[in-house]
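For reference, the chains in residue letters:
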Amino acid sequence: MAFGNDMEMALLRMGVGFVAALAIALVISILFKSNQLKKSKGSHHLETRVNKKQPFITRINDMLKHSIDEFFDMSKYLIAGAFVAAFLQTYVSTQSLLLFGDNQMQSTIVMMALAFVLSLCSEADAFIGASFRNIFPTTSILAFLIYGPMIDLKNTIMLLSVFKAKFVFVLFLLISIIVFLFVNITSFI
């Protein structure tokens, strides 16, 4: 809807996003064979309880307790990331970012950085991306639309709380490189 009747952007977003996600997953599966989660204090206790057959009410109760615990564990990172993103949205002018986007490669990097910092939802970013149609080339807007939902500031903070830092760093680099390459390949098609 953000791009009107132009189905090209929607199809490119779906296609390039899907292929990029597959490539990222393939490379991650090759690079990291072991568990990359940080060890939690109660993980052994949880594993032993799951193996035993519990009554349905107990399982529902355990699920609700776990959901509440996860909500409060993750919400602090989500709030911190949202605060930083809101601060940058408020005090950094998007016009200042336009100074760095002279050519296609630079403008793609600028739009990817903007997607990372703004931390928008994947629905709202289409309307923001559409507002840049007269300023940036299609490939840069496509990078904004694909990169933001894959990795952003809030997501990175939450990933660092659960996964090992090396894994998050490699994932961040991999997403950045693959999205950049795949999006720029679309300009030759």
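Residues numbered from 1 in each chain as written. Predicted model: local features only at pLDDT ≥ 70, side-chain atom pairs only at ≥ 80, totals over all residues. Heavy atoms only, no water.

1. With respect to the overall build of the protein chain
Per the secondary structure count, the protein chain includes 9 helices and 0 strands. Secondary structure elements of the protein chain, listed N to C terminal, follow the sequence α-α-α-α-α-α-α-α-α. The buried share among the 189 residues of the protein chain stands at 31%. Carbon and sulfur atoms provide 69% of the accessible area of the protein chain, an area that totals close to 12200 Å². (Helix = DSSP H or I, 4+ residues; strand = E, 2+ residues; numbered from the N terminus. Buried < 20%, exposed > 50% of the residue type's maximum accessible area, 1.4 Å probe, protein only. Areas by Shrake-Rupley, 256 points an atom, 1.4 Å probe, with all protein chains shown as cover.)

2. Looking at the packing of aromatic side chains
For the structure on display, the rule yields 4 aromatic pairs. The interplanar angle of 40° and the centroid separation of 5.1 Å between the aromatic rings of Phe163 and Phe167 together place this pair among those described as tilted. Since its relative accessible area comes to 10%, Phe167 is described here as buried. One aromatic cluster in this structure is built from Phe32, Phe163 and Phe167. (Phe/Tyr/Trp six-rings, centres within 6.5 Å; stacked < 30°, edge-to-face > 60°.)

3. What about helix α1 (residues 7-31)?
Taking 1.5 Å of rise per residue, 25 residues should cover 36 Å, and α1 covers 36 Å from first to last C-alpha, within 8% of that figure. The complete set of buried residues in α1 reads Met9, Val16, Gly17, Ala20, Ala23, Ile24 and Ile28. Where α1 is buried, its residues touch α7 (138-150) and α9 (165-185). (Expected span 1.5 Å × (residues − 1). Contact = heavy atoms within 4.5 Å.)

4. Topic: the confidence of the model for the protein chain
Of the residues in the protein chain, 84% reach a pLDDT of 70 or more, and the chain-wide mean stands at 83. Helix α2 (residues 43-51) is the least confidently modelled element of the protein chain, averaging 51 in pLDDT, while α9 averages 96, the highest of any element. (pLDDT = per-residue confidence, 0-100.)

5. Some words on the side chain of Thr139
Looking at the element boundaries, Thr139 is found in helix α7. The buried category is assigned to Thr139, whose relative accessible area is 7%. A distance of 3.3 Å separates the side chain of Thr139 from the side chain of Gln104, its partner in a polar contact. Beyond its immediate sequence surroundings of up to four residues, Thr139 is in contact with Gln104, Thr108, Val183, Asn184, Thr186 and Ser187. (Polar contact = N/O pair within 3.5 Å; in protein donor to acceptor, adjacent residues only side chain to side chain.)

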